[in-house]
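An overview of the molecular structure
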Amino acid sequence: MFADFNAQFTGSSEQVNVGGYLCRSYMPLETRFMGRTVSCEGNGNRLEAMTDYRLGGIPIGDPKPYTQTSMTGHFSITAQAHGVSCSLGEGNHLACVKPSGGNTNLVITLDQNGALVQDASKESVVNTDVAALPVGYSINTEKASCLNDGTYLVCSTGTASFKMNATEFIEF
């Protein structure tokens, strides 16, 4: 499928018809935030040419229900499920929030070397301003992936992997 797409691809953003599938390519910024270079839809199926697919699952189709722009103009795509949320953004940005009781929550971030940093003293809230990630679906970016496995939100950056829900945080 993708070899046929590549043979017909002219470099434009126009869709290409390949064997009954309509295929489109993504711009570099879209590729970084969606973890794919080409999407093809047809015959009731969606095929993705993924750049990062470390956790499996069904890649989300339309990222809009999961995206946000901060007040400072930074863009992120957020996985929210099981009472927790993880925002994956520009550069090496990863911020996950898990309830820990009281006025603060457990906030998980990455340091400059890609190691997980846990901070239970930050006042932060679980992000529920985005759609919940359905069971079996994954969000894949250039730097990280998160999958709703039905019990946990499982995330991996290549240097760190963990799973969490509203009551547990497990690094593996």
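Presented here is a report on the structure given in the accompanying data block. (Residues numbered from 1 in each chain as written. Predicted model: local features only at pLDDT ≥ 70, side-chain atom pairs only at ≥ 80, totals over all residues. Heavy atoms only, no water.)

Judged by nonpolar contacts, the single largest core of 23 residues is most densely connected at Cys86, Ile108, Leu153, Phe162 and Met164. The set of elements that each furnish at least two residues to this core consists of strand S7 (75-81), strand S8 (84-89), strand S9 (94-99), strand S10 (105-110), strand S14 (153-156) and strand S15 (161-164). For Cys86, the contacting residues outside a window of four places in its chain are Ile77, Thr78, Ala79, Leu94, Ala95, Cys96, Cys146, Leu153, Cys155, Phe162 and Met164. Counting residues in each nonpolar core, the second largest holds eight residues, with Phe5, Val18, Val38 and Ala49 among its members. (Core = buried A, V, L, I, M, F, W, Y, C linked by side-chain atoms within 4.5 Å. Buried < 20%, exposed > 50% of the residue type's maximum accessible area, 1.4 Å probe, protein only. Helix = DSSP H or I, 4+ residues; strand = E, 2+ residues; numbered from the N terminus. Contact = heavy atoms within 4.5 Å.)

The residue Ser161 is located in strand S15 in this model. Residue Ser161 is classed as buried on the basis of its relative accessible area, which comes to 16%. Here Ser156 takes part through its side chain, which lies 3.0 Å from a polar atom of the side chain of Ser161. Once you skip the residues sitting within four places of it in the chain, Ser161 turns out to touch Cys155, Ser156, Ile170, Glu171 and Phe172. (Polar contact = N/O pair within 3.5 Å; in protein donor to acceptor, adjacent residues only side chain to side chain.)

Moving on, we come to the state of the cysteines. One pass over the structure, following the stated rule, counts three disulfides. Each sulfur of the disulfide joining Cys23 and Cys40 lies 2.1 Å from the other. Across the disulfide from Cys23 to Cys40, rotation about the S-S bond amounts to roughly 115°, and the bridge is consequently right-handed. Pair noted here: Cys23 is in strand S2 (residues 21-25) and Cys40 is in strand S3 (residues 36-42), with a separation of 17 residues, a long-range link. By relative accessible area, Cys23 is classed as buried at 0%. In this structure Cys40 comes out as buried when scored by relative accessible area, which is 0%. (Disulfide = S-S within 2.5 Å.)

Scope: geometric values only; no functional claims are made or implied.
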